[in-house]
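What the coordinates show
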Amino acid sequence: MGYDLRLRVWRGDRSGGQLGDYSVPVEEGEVVLDAIHRLQATQAGDLAVRWNCKAGKCGSCSAEINGRPRLMCMTRLSDFEESETITVTPVRTFPVIRDLVTDVSFNYEKAKQVPAVKLTPRDPDGKRRMMQVDVERGQEFRKCIECFLCQNVCHVVRDHEENKEAFAGPRHFLRYAELDMHPLDTHDRRKLAQDVAGLGMCNITKCCTEVCPEGIHITDNAIIPMKERVVDRKFDPVTWLGSKIGRRDPRDEV
């Protein structure tokens, strides 16, 4: 059974903006993105919104709904009371382009800093082999849809714009961990994760894990193990002694 939804949407651009109040007819079973589309089709034809699959797999429709970072296509209207006003605003950490669309190019620039995989030579029969347990270890990380909600809630960049140059954020720490745990990859990214990506600036509040729509345990399964690997390398007595006598540690190569 349908009803008129009270919807409040942020309208504006880089120079500023404000919240606009609307009344949008919606139907049972719909999601917030349905309401936004109906608003766009009937009352605000110039409303800018980014979306693609409407199935929670492209990560395009990230927004803040009643102050909580979520995917609009995965946020059901039934989660709210019919009398409740739903407020939709752009994610806060990235610059607004227009309305609900933000400039997330920061994330792609950080992705360029992660060295690509470099596999070991093939076995004599032309194949590469690894244990199933090693395959499963990184499987969770590959569920990432790059919605950048984890990046949005990370207070290291959300509250401190000046940190963006030296801090890659949880999405990219996930990538560092995925590649570093790959049994066939020959790169050692631990020094790079610490010195370039700013892994040490993360204080593991787990806010990134809480908002992940894919349920990835970013903090426990990626960031903390990566921190442990970095510390192991940094305080390994053999590595320390090698640096003192001028021997190059092959693990320094990235």
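Here, the structure is the one placed above.
Quick look at the structure, then. For clarity, every value in this text was computed on a predicted model and none was experimentally measured. (Residues numbered from 1 in each chain as written. Predicted model: local features only at pLDDT ≥ 70, side-chain atom pairs only at ≥ 80, totals over all residues. Heavy atoms only, no water.)

A short note on the overall build of the chain
To keep it simple, the criterion reads: Only runs of H or I of at least four residues qualify as helices and only runs of E of at least two qualify as strands under DSSP, and these elements are numbered from the N terminus. Each residue is placed in one exposure class: buried if its accessible area under a 1.4 Å probe, protein chains only, is under 20% of its type's maximum, exposed if it is over 50%, and partly exposed if it falls in between. Throughout, a residue-residue contact means that at least one pair of heavy atoms, one from each residue, lies within 4.5 Å. Throughout, the Shrake-Rupley method with a 1.4 Å probe supplies accessible areas, and for residues the shown protein chains are the sole cover considered.
Across its full length, the chain holds 10 helices and seven strands. Principal-axis analysis of the C-alpha atoms places the extent of the chain at approximately 70 × 45 × 25 Å. Taking all 254 residues of the chain together, 47% fall into the buried category. Expressed as a percentage of contacts within the chain between residues at least 6 apart in sequence, the contacts between residues at least 24 apart total 61%. As displayed, the chain offers around 13500 Å² of accessible surface, 50% of which is attributable to carbon and sulfur atoms.

Considering the pattern of salt bridges
As a reminder, the rule being used: For this document, the term salt bridge refers to a Lys or Arg side-chain nitrogen within 4 Å of an Asp or Glu carboxyl oxygen.
Using the criterion set out here, one finds 23 salt bridges in the structure. A salt bridge links arginine 11 to aspartate 99; the shortest N-O distance between them is 3.2 Å. Residue arginine 11 is located in strand β1 (residues 3–13), and its partner aspartate 99 is located in the loop between β6 (96–98) and β7 (101–102); the two are separated by 88 residues in the primary sequence. Residue arginine 11 is classed as buried on the basis of its relative accessible area, which comes to 18%. Salt-bridge contacts for glutamate 146 lead to arginine 171; the nearest nitrogen and oxygen are separated by 2.8 Å.

Here's the deal with the pairing of β1
Spelled out, the test is: Two strands qualify as a pair provided DSSP detects at least 2 bridges between them.
Two strands pair when backbone bridges link them, and β1 and strand β2 (residues 16–26) are joined in this way by 11 bridges, in the antiparallel orientation. Paired with tryptophan 10 across the two strands is leucine 19, which belongs to β2. As consecutive antiparallel partners, β1 and β2 are separated by two residues. Where β1 lies against strand β5 (residues 85–89), four bridges are found, and the strand directions are parallel. The partner of valine 9 across the bridge, within β5, is valine 88.

So, the nonpolar core
Note that soluble globular proteins tend to have their nonpolar side chains buried in a common cluster. For the record, the criterion: Put simply, buried Ala, Val, Leu, Ile, Met, Phe, Trp, Tyr and Cys residues joined by side-chain atoms within 4.5 Å make one nonpolar core.
Counting residues in hydrophobic clusters, the biggest one holds 38 residues, and the most contacted among them are Leu7, Ile36, Met72 and Val88. Mapped by element, the contributors of at least two residues to this core are β1, β2, α1 (32–42), β3 (62–65), β5, α4 (149–153) and α8 (207–211). A per-element tally of this core places α1 first, with five residues. What valine 88 contacts, discounting residues up to four positions off in sequence, is Leu7, Arg8, Val9, Trp10, Val32, Ile36, Ala63, Glu64, Met72 and Leu100.

Section: the environment of threonine 186
In this fold, threonine 186 is placed in the loop between α6 (170–180) and α7 (190–195). Threonine 186 sits in the partly exposed class, given a relative accessible area of 44%. For the pair threonine 186 and tyrosine 108, spaced 78 residues apart in sequence, the C-alpha to C-alpha distance is 24 Å.

Considerations on the side chain of glutamate 140
Here is the rule: For the purpose of counting charges, residues Lys and Arg are taken to be positive, whereas Asp and Glu are taken to be negative. His and the chain ends are not included.
Mapped onto the fold, glutamate 140 is located in the loop between α3 (132–139) and α4. Buried charge without a partner: glutamate 140 forms no salt bridge, and the closest opposite charge is lysine 143, 5.9 Å away.

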